[in-house]
Amino acid sequence: MIYNPALHTSEAIARWRDAAHALGLELVVEPVGEAREIPQQLQILLPAIDALWLTPDETVLAPQTIQHIILETLRRRIPVFAPSLRFVQEGALIAVVCDYRDVGRQTGEVAAQLLAGQSLGPTRVREARKSRLYINLRIAKTLGIVVPASLMGPSTRMASAMARSSQFEEACVGGSQWWGSGSRAGHSPLTTDGTASR
């Protein structure tokens, strides 16, 4: 993981380390203060990891750096776990993304509770109830990763998105084929452009 310490607290890093440890994993981190530091830190980090986790970090995910990250990880055959569908379309292997439509419903429910004078309880921050899983199948094939059929839910549709540059295509990626699935029943299937159908 590469991160900007100004955007992530030490408490958050500690929680992520604990979560990784609980799964039998080790979280390896490299801090950066500016986007220009990323290529050098990436060279230090990549030989020491099996996968790269990208968190929502505006320094690391800046447009001028994300393509470099994707290209370097592909060359080293290291899968990237990204925070949004956009990066899966650009060459990351996988993303788990909250269902923003349901987040809107959840927010409305909380607002209704407050207006009714109801207590929200001791936990005022709530996690999203639903999420979506996106996997770039072409990248999985390039990395030699077999996606289990059990993950290919019946509510999903195949879609494709062209890579955004010739340099990206030269990395043996070309068009990115991906699929998305709701993590709970009742999610809208995806249309061919990746948006939820109504």
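Definitions and limits used
Within each chain, residue numbers correspond to sequence positions counted from 1 in written order. Per-residue local features are limited, in this predicted model, to residues with pLDDT of at least 70; the limit for side-chain atom pairs, both in listing and counting, is 80 or more; totals at the level of whole chains, interfaces and linings are taken over all residues. Here the side-chain values reflect all heavy atoms present in the structure, with hydrogen atoms and water set aside. A run of H or I in DSSP becomes a helix once it reaches four residues, and a run of E becomes a strand once it reaches two; helices and strands are each numbered from the N terminus. Throughout, exposure labels follow a simple rule: accessible area from a 1.4 Å probe, protein chains only, divided by the maximum for the residue type, with under 20% read as buried, over 50% as exposed, and the rest as partly exposed. Residues are treated as being in contact if the distance between any of their heavy atoms lies within 4.5 Å. Only the protein chains shown count as covering a residue, and every accessible area follows the Shrake-Rupley method with a 1.4 Å probe. Only strands joined by at least two bridges in the DSSP assignment are considered to pair. For every residue, the predictor assigns a confidence score, pLDDT, that lies between 0 and 100. The term nonpolar core refers to a set of buried residues drawn from Ala, Val, Leu, Ile, Met, Phe, Trp, Tyr and Cys, joined through side-chain atoms within 4.5 Å. Taking the helix axis as origin, the arc is that swept by the directions to the C-beta atoms. Aromatic pairs are defined between Phe, Tyr and Trp rings, using the six-membered ring for Trp, whenever the two ring centres lie within 6.5 Å; interplanar angles under 30 degrees are classed as stacked, those over 60 as edge-to-face, and all others as tilted. The term salt bridge refers to a side-chain nitrogen of Lys or Arg lying within 4 Å of a carboxyl oxygen of Asp or Glu. To define axes, lines are fitted to C-alpha atoms, for helices over the stretch in contact only, and angles between the resulting N-to-C directions are given on a 0 to 180 degree scale. Roughly parallel here means an angle under 35 degrees, roughly antiparallel means over 145, roughly perpendicular means 65 to 115, and every remaining angle is called oblique. Crossings are sorted by hand: turned counterclockwise from the far helix by less than a right angle, the near helix makes the crossing left-handed, and turned clockwise it makes it right-handed. Residue classes follow a fixed rule: Ala, Val, Leu, Ile, Met, Phe, Trp, Tyr, Cys and Pro count as nonpolar, while Asp, Glu, Lys and Arg count as charged, and any other residue, Gly among them, counts as polar.

S.K.: Tell me about the overall build of the protein chain, residues and numbers included.
M.R.: Within the protein chain one finds seven helices and eight strands. For the protein chain, buried positions account for 43% of its 198 residues. Taking all contacts inside the protein chain whose residues are at least 6 apart in sequence as the whole, residues at least 24 apart take part in 64%. Put simply, the protein chain shows about 11,400 Å² of open surface, and 54% of that area lies on carbon and sulfur atoms.

S.K.: How would you sum up the pairing of strand β6 (residues 131–136)? Please name residues and give values.
M.R.: The element β6 is extensively covered by neighbouring structure, given that five of its six residues are classed as buried. Pairing analysis gives five bridges linking strand β5 (residues 94–98) to β6, with the strands arranged antiparallel. The partner of Val97 across the bridge, within β6, is Arg132.

S.K.: With reference to specific residues and values, describe the confidence of the model for the protein chain.
M.R.: The predicted model of the protein chain has a mean per-residue pLDDT of 76, with 76% of residues at 70 or higher. A low-confidence stretch, residues 154–198 (pLDDT under 50), is modelled with 113 contacts involving residues beyond four sequence positions or located in other chains.

S.K.: Account for the nonpolar core, naming residues and giving values.
M.R.: Residues Ile2, Leu52, Leu54 and Val60 are the most contacted members of the largest nonpolar core, which totals 28 residues. Contributing elements (two or more residues each) for this core: α2 (38–45), α3 (63–75), β4 (80–82), β6 and α6 (137–142). Considering every element that reaches this core, the biggest residue donor is α3, with four residues. Residues in contact with Ile2, not counting those within four places in the same chain, are Glu30, Val32, Ile38, Leu42, Leu45, Leu52, Trp53 and Val60.

S.K.: Can you lay out α2 for me, pointing to particular residues and giving the numbers?
M.R.: The complete set of buried residues in α2 reads Ile38, Gln41, Leu42 and Leu45. All buried residues of α2 project into a common sector of 105 degrees when viewed along the axis, lining one side. In the core, the buried residues of α2 are packed alongside β1 (2–3), β2 (30–31), β3 (52–53) and α3.

S.K.: Please set out the packing of aromatic side chains residue by residue, giving values where relevant.
M.R.: Each aromatic ring pair is characterised by the separation of its centres together with the angle its planes make. The full count for this structure, using the stated rule, is one aromatic pair. Judged by centre distance (5.1 Å) and plane angle (75 degrees), the rings of Trp16 and Trp53 are edge-to-face. With Trp16 in helix α1 (residues 10–22) and Trp53 in strand β3, this pair connects stretches of sequence that are 37 residues apart.

S.K.: Run through unusual backbone geometry, naming residues and quoting values.
M.R.: For Arg77, which is not glycine, the phi dihedral falls at a positive 55 degrees. Among the structural elements, Arg77 can be located in the loop between α3 and β4.

S.K.: Could you give an account of the pattern of salt bridges, naming the residues involved and the relevant values?
M.R.: Summed over all chains, the structure comprises seven salt bridges. Between Asp102 and Arg105 there is a salt bridge, with the nearest N and O atoms lying 3.7 Å from each other. Of this pair, Asp102 and Arg105 both sit in helix α5 (residues 100–115), separated by three residues, roughly a single helical turn. Judged by relative accessible area, Arg105 falls into the partly exposed class, the value being 44%. In this structure, Asp102 engages Arg129 in a salt bridge whose closest nitrogen and oxygen atoms are separated by 3.1 Å. Of this pair, Asp102 sits in helix α5 while Arg129 sits in the loop between α5 and β6, placing them 27 residues apart in sequence. Residue class for Asp102 comes out buried when judged on its relative accessible area of 4%. Linked through salt bridges whose partners overlap, the residues forming this network are Asp102, Arg105, Glu109 and Arg129.

S.K.: Describe the packing of α2 against α3, listing the residues and the values that go with them.
M.R.: Contact geometry for α2 and α3: axes closest at 11 Å, N-to-C directions at 25 degrees. Considering the angle they form, α2 stands roughly parallel to α3. In this structure, the crossing between α2 and α3 has a hand that is right-handed. For the pair α2 and α3, the contacting residues are Ile38, Pro39, Leu42 and Gln43 in the first and Thr65, His68, Ile69 and Glu72 in the second. Of the residues contributing to the contact of α2 with α3, the split by class is four nonpolar, three polar and one charged.

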